[in-house]
Amino acid sequence: MNITKRMEPSRVSTQEFEEIYLPDDISHKIKQYIDAGLKELNPYTCDETKVYSFAESMVYELLEHASKGRDPHAEKLIMMIKRANSGDNIPPLFIRNTPFDPLNSLLPAENRTGFNYGGNENDRMKQFFYAEWISWLFAALFNHESVLHPSEHGGNNRFHFITPVSFEDEKLRDTGASTGGGEFYQHSDATVYTELENEEDIQIRLAKFNSSLSVVSERLKRPVAQIVSEMTSRKFTRVDALLLKGILNKSTKTHIGTPKLLQEHLESNGFSKEQMWALSKMPIAHIAGPADGEISGYVGEINQIISVDDNGDILSTCLNGAESRMIYVGSSEEDERLFDTFLGLLRTMPTYHFLLTSSDLLFIPNSSYGKQTNVTHGRGRLTDDEYRIPIGENKFGRRMHCRQYVSSRARDHKASYFGAILQ
């Protein structure tokens, strides 16, 4: 039974996420900056100094705006920027009233031939780069750097488009991938990432979970050498956060799940603190999915799926509820049954729902480190009308978001670009 709750942003505790309405004059100045100095530049290939100059200019604009009078949204945004640049925790951020790609600049989805987003306007399905520059701007403001996934959407793309691809409709209409239209269960992006370098590292990791490569090999039905090769292939990337910028959307909402909502759902279905502890100690293999192209099916990581505090309360998660994306690789039949029960409940957990219009942006903390907590995300199955959205006379597009993977500069102990300004 699906018990997902439809919770609107305005009703949710600010401890779970923050909603920020960008002041009109700041939104206007962002668009002015893009039109005047960035519109002719390609954000897929240009140097990152361009976006940091952009972000620094907007920090000054925000500070000046806030000095003119009380604006709670501007003040909240400045506070979030300060927290991110000091290495403090920031929650998911739902940012409204951002500039966007004009409807008449979008292009028909059926003309797309691949994933050359930076070099082919038909592949990105739009003429301009507003969504990309807006996404990159806020990534920089929140002290994150863009990262390239070496094996996804053709590789080498700083931004990806989350939309069904017309040339694979029959295959992907029911598939929960970024290029498909099926239901996206709650997940963390790039759960397959690992920093383990060799077989010895993997054995040390597995020993912490009372498992071994021989047990993993038996569970996954693949040779040890293949498992080691896949886990150390360096075809994965670390994703500390992701940004979703709305481009074209009718009714499909993005779903955000938090550790608090997950724990409440587990406990309401009979999970004890002892079982939470058991979950946190299980070795779970994360398998790369269909959006990853050449590494689909690879074992990317073997690690815990939740971490808990001394009271057994969930602190953070590393999850993917899609079919065959998480597999128990320990030797306890009891733990395997508990994991299967957990996986079923993960797919029915309550979530917060966000309808991303073209002027909306979601900043989603994806992994937990230091003071930073994380959430999961997903979406429902696309309805038929999301495959044929009017974008002009006899022109139709498809539901589309721009996604950017980013890594935390604070996590990498890099200096903030705006520390002196924000003092």
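Our structure is the block above this text.
These lines cover the structure that appears in this document, whether it is placed above or below. (Residues numbered from 1 in each chain as written. Predicted model: local features only at pLDDT ≥ 70, side-chain atom pairs only at ≥ 80, totals over all residues. Heavy atoms only, no water.)

Details of the overall build of the protein chain
Let me state the cut-off plainly: A run of DSSP states H or I qualifies as a helix once it reaches four residues; a run of E qualifies as a strand once it reaches two. Both are numbered from the N-terminal end. For the radius of gyration, the atom set is restricted to C-alpha positions; the globular benchmark scales as 2.2 Å times the number of residues to the power 0.38. Residues are treated as being in contact if the distance between any of their heavy atoms lies within 4.5 Å. Each accessible area value is a Shrake-Rupley result obtained with a 1.4 Å probe; residue values ignore everything except the protein chains displayed when judging cover. None of His or the chain ends enter the tally, which takes Lys and Arg as positive and Asp and Glu as negative. Where a charge sits is defined by one atom per residue type, namely NZ (Lys), CZ (Arg), CG (Asp) or CD (Glu).
Scanning the protein chain for helices and strands turns up 12 helices and 19 strands. At 21 Å, the protein chain has a C-alpha radius of gyration in line with the 22 Å of a compact globule built from 423 residues. Projected onto the principal axes, the alpha-carbon positions of the protein chain cover approximately 60 × 50 × 40 Å. Restricting the contact set of the protein chain to residue pairs at least 6 apart, pairs at least 24 apart contribute 78%. Of the roughly 17,700 Å² of accessible surface on the protein chain, a fraction of 46% belongs to carbon and sulfur atoms. Taken together, the 47 basic and 58 acidic charged side chains of the protein chain have centroids lying 3 Å from each other.

As for the pairing of strand 7 (residues 241–248)
Counted only if it meets this: Working definition: with a 1.4 Å probe on protein chains only, accessible area under 20% of the residue-type maximum means buried, over 50% means exposed, and in between means partly exposed. Pairing between strands requires that DSSP locate at least two bridges from one strand to the other.
Burial analysis of strand 7 places eight of its eight residues in the buried class, the great majority of the element. Note that strand 7 and strand 15 (residues 361–365) share five bridges and pair antiparallel. Bridged to Ala241 within strand 15 is Pro365. Pairing analysis gives seven bridges linking strand 7 to strand 19 (residues 400–408), with the strands arranged antiparallel. Across the sheet, Ala241 pairs through a bridge with Val406, a residue of strand 19.

Topic: the nonpolar core
Put simply, the test is: We call a set of buried residues a nonpolar core when its members are Ala, Val, Leu, Ile, Met, Phe, Trp, Tyr or Cys and they connect through side-chain atoms within 4.5 Å of each other.
Among the nonpolar cores identified, the biggest contains 55 residues, and Ile30, Phe138 and Phe142 are the most heavily contacted of them. Counting residues per element, this core draws most heavily on helix 5 (residues 130–141), at 10 residues. Sequence-distant contacts of Phe142, that is, excluding residues within four places in its chain, are made with Leu77, Met80, Ile81, Ala84, Ile90, Leu93, Ile95 and Phe363. The next biggest cluster of nonpolar side chains, apart from the first, holds 37 residues, and it includes Ile305, Phe342, Leu345 and Leu356.

Some thoughts on the environment of Leu338
Within the element layout of this structure, Leu338 appears in helix 12 (residues 333–346). Looking at Leu338, the relative accessible area reads 11%, which means it is buried. Counting along the chain gives 279 residues from Leu338 to Val59, while the straight-line C-alpha distance between them is 49 Å.

Observations regarding the pairing of strand 9 (residues 284–287)
In strand 9, alternate side chains face the same way, and those of Ile284 and His286 on one face and Ala285 and Ile287 on the other are all buried. Summarising the sheet, strand 9 and strand 10 (residues 299–303) pair through four bridges and their orientation is antiparallel. Bridged to Ile287 within strand 10 is Val299. Alignment of strand 9 against strand 13 (residues 326–328), held across three bridges, turns out to be antiparallel.

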